[in-house]
Amino acid sequence: MLKLKDITDAVLKYHPSADLDVILEAYLYSAKAHRGQIRRSGAAYFSHPVEVAFNLSRLKMDEKTVAAGLLHDTLEDTLATPEEIKQLFGDEIYQLVDGVTKIGQVEFASKEEKQAENYRKMILAMARDIRVILIKLADRAHNMGTLDSLSAEQRQRIARETLDIYAPLANRLGIGWLKAELENGSFKHLHPDSYRMIEERVAEGEDERKKYVDSLCAVIGEELAAANICGAVAGRPKHFFSIYDKMREQNIAFDDVYDLIGVRILTDSVKNCYALLGLIHSLWKPIPGKFKDYIAMPKPNLYQSLHTTVIGPEGKRVEVQIRTEEMHRVAEEGIAAHWQYKEGGSGQPKHGEGQLLWVRHLLESQKDLTNPREFLSAFKVDLFPHEVYVFTPQGHVIALPKGASPVDFAYEVHTDIGSHCFAAKVNGKIVPLRYRLRNGDRVEIVASKQKTPSRDWLSFVKTSKARSKISAYLNSEEKARSQRLGQDLLERELDKFDLHLHAVMKSPAMEEAVKACGFNSPDSLLRALGLGKLSIHHVIDKLVPKEKIEEKRTGEESRIKLKESEPPKRREGSGIRVKCFNDNILIRVGKCCNPLPGDRIVGYITRGRGVSVHHADCPSMKGFLNETERFVDVEWDTVKKTSHVTRVHIVTEDRPGLLASISGVLADRDINITKANVQQGPYKRAYFDLSIEINDLDHLNRTLAEVKKVKGVIHVERVAEFRKKIPGKTRQEKPEGDSNVREEDSGTLINYSQ
């Protein structure tokens, strides 16, 4: 196990004037607090905070951050209290420990709402003090090396979260060595077979590659001396996950990964970087399209370097990276490379505002995303590096994600330009708004005050800023439309009682109705009416005096009595319940699919027409999948017995009496035929299309089984056109002795045929 001296010696190397007393006090307090605790691996628990503190010294963090690393688990896993930490170590260290504690419960396998909330806390902690996430990264780096003691499920979950969240975070903050450690650790547990294969293959050719790289470095060193250019040459190892990622992305075998051989040259100035590039290209032929200038156009994490791939000796591909020593320090340490240490004070970030601005931008752009799935998707998109660099008409460089569109560009320039984006010119030519931008494109946006964001934009924009701003606008518009519609519905209904909407809105009755219906304001009540979440009659009962309602009801009953000769039709309910809403909500069953009790169903809140219920596989719902906030949970009401209309198709022999026989079977089972269409066909066949009233899916199945037994019936099926497009495995069953029954796995389409 590491000792206190290992940590303090490491800190003194980069911060000679560090206050080591605070580290000593934190070391002793943490050792006492964790006394007797054992990790799953069997090691003393205290070994973990010591390793985390040492990782923070590798990041060249200030002494208070290192002390917070020693204390980071005390609030969560020991009897230590916030008051005690604050009293002994001060508010700054307490805030760091508290920040890590709040995000320590992030679990990738948790429910989306909880997961999204934890990531929001993490972003907020990063925005307040970037050191919080650096402690968390140091913590995760040590945990990745001790996963073997956990169950397979836990290893997979932690490794997946690390690869999806924490490794990209390390990369976004520019910490190259930490990113590589986290990626390799995750790769080892997520894809153990691939990891072992690459490990073995890399080891097999290691000696040969080392000899080749050494000879290559010697040649470059001689050329540097001859050209009188200052520079140091060394081999550049490629970590295992980057090899695997390239194999997977390009769909190639290990033997086809050509850039296993890499060389890095460090020099003293930007001028010499470009001089070295010319020297390398004069020695060996460069491969077209394999040159990237990250000095002129740095990555958003402030990474700078020249990359080129050449055909080296023996025809082997060699990737060469050229950078200054300062650029190399930033590439390896990221934001930590910008820490400065003042005499008698703690470290503060001197530069690196790009990373801090990114965190603040992340917090700002995602505050409008209330849907957990949208938030998590946008958060992950923001973590991955930008790959496309385009220019404004003035020549400024804008970095965007791969596949970004002119709309993304417009929002990156300014929110108003994005919201009023009308057309786009790329390299002087008009292009569609969904055009995918490429490196070097010069982009010009044509804006119009009459243009507003379209829902269609959400299908192709890539940046979280564009997505959040478009969603926020559409949601506000949707609220406004729903409120107007709810207002129209209420006004129309109040007119029947000779009441004016304007007067009612300001009356005490409206205030009582708002509270009784569970809303905060009249506007929210109107929006609920417009969305169909609330029945208009439920509101009228609260707003209109009971005597007026009774008077109107009496008048209607009088009109009905004029038709006493006609027996009143009993109005059946839908037989469907909408979870979390009152019983008065309007429910309509979709005629496009006519689901039956027993079918899987979904509910969709329509504009002013209540909840529309459809079969879960109904194609008409596909166009609304992006509007997740309008879907509600619905279920069949097993208590209410209601009848439902469905269509059946029957093929029979063409002979007299078959229609009577089939009708008799249906009548015996108390089934009413609401519509019938009978046609003759070729080959002495007759075709029956019947609309029948049925109770549920089981009732239908038993009925069709009986129809199949009628002599002369060849084929029977429930008509559900949308089911034909959905592949399904069939299984054999034998209802009521019939051996020729095929049923879809979902239980919704029944075929009875010989």
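This text goes with the structure placed above it.
Our subject in this report is the structure included herewith. (Residues numbered from 1 in each chain as written. Predicted model: local features only at pLDDT ≥ 70, side-chain atom pairs only at ≥ 80, totals over all residues. Heavy atoms only, no water.)

**Digging into the packing of helix 2 (residues 20–33) against helix 4 (residues 63–71)**
Here is step 1 of the chain: One way to put it is that helix 2 packs onto helix 4 with a least axis distance of 9 Å and a crossing angle of 0°. Regarding the angle of helix 2 to helix 4, the classification is roughly parallel. When helix 2 is examined against helix 4, the residues V22, I23, A26, Y27, Y29 and S30 are found in contact with a partner set consisting of E63, V66, A67, L70 and L71.
Here is step 2 of the chain: Of the residues belonging to the contact of helix 2 with helix 4, the class tally is nine nonpolar, one polar and one charged. (Axes fitted to C-alpha atoms, helices over the stretch in contact; angles between N-to-C directions. Helix = DSSP H or I, 4+ residues; strand = E, 2+ residues; numbered from the N terminus. Parallel < 35°, antiparallel > 145°, perpendicular 65-115°, else oblique. Contact = heavy atoms within 4.5 Å. Nonpolar A, V, L, I, M, F, W, Y, C, P; charged D, E, K, R; others polar.)

**Quick word on the nonpolar core**
Here is step 1 of the chain: Ranked by size, the top nonpolar core spans 69 residues in total, and within it L137, L182 and I198 carry the most contacts.
Here is step 2 of the chain: With near-sequence residues (within four places) excluded, I198 lies in contact with F187, F240, I243, Y244, M247 and F254. (Core = buried A, V, L, I, M, F, W, Y, C linked by side-chain atoms within 4.5 Å. Buried < 20%, exposed > 50% of the residue type's maximum accessible area, 1.4 Å probe, protein only.)

**Focus: the sheet that holds strand 13 (residues 443–447)**
Here is step 1 of the chain: Strand order in the open sheet made by the three strands is 12-11-13, with antiparallel pairing throughout. The sheet is open, and its two edges are formed by strand 12 (429–431) and strand 13, each paired on a single side. When the angles between neighbouring strand axes are averaged without regard to direction, this sheet yields 35°.
Here is step 2 of the chain: Across three bridges, strand 11 (residues 421–426) lies against strand 12 in antiparallel orientation. By the bridge assignment for strand 12, V426 is matched with K429.
Here is step 3 of the chain: Helix-sheet contacts for helix 18 (residues 406–413) involve strand 11, strand 12 and strand 13, and the interaxial angle to strand 13 is about 80°. (Pairing = 2+ DSSP bridges.)

**Let's talk about the sheet that holds strand 17 (residues 611–615)**
Here is step 1 of the chain: Across the sheet, which stays open at both edges, the four strands sit in the order 15-17-16-18 with mixed pairing between neighbours. Strands at the two margins of the open sheet, each flanked by one partner only, are strand 15 (587–589) and strand 18 (631–632).
Here is step 2 of the chain: Of the strand pairs in this sheet, strand 16 (residues 601–605) and strand 17 are connected by five bridges, and their pairing is antiparallel. Opposite I605, over in strand 17, you have V611 as the bridge partner.

**Regarding the pairing of strand 6 (residues 317–324)**
Here is step 1 of the chain: Counting buried residues along strand 6, seven of its eight residues qualify, which places the element largely inside the surrounding structure.
Here is step 2 of the chain: For strand 2 (residues 262–267) and strand 6, the ladder comprises six bridges, and the chain directions are parallel. For T267, the partnering residue across the bridge sits in strand 6 and is T324.
Here is step 3 of the chain: Where strand 5 (residues 306–311) meets strand 6, six bridges bridge the pair, whose relative direction is antiparallel. Note that in strand 6 the partner of H307 across the bridge is Q321.

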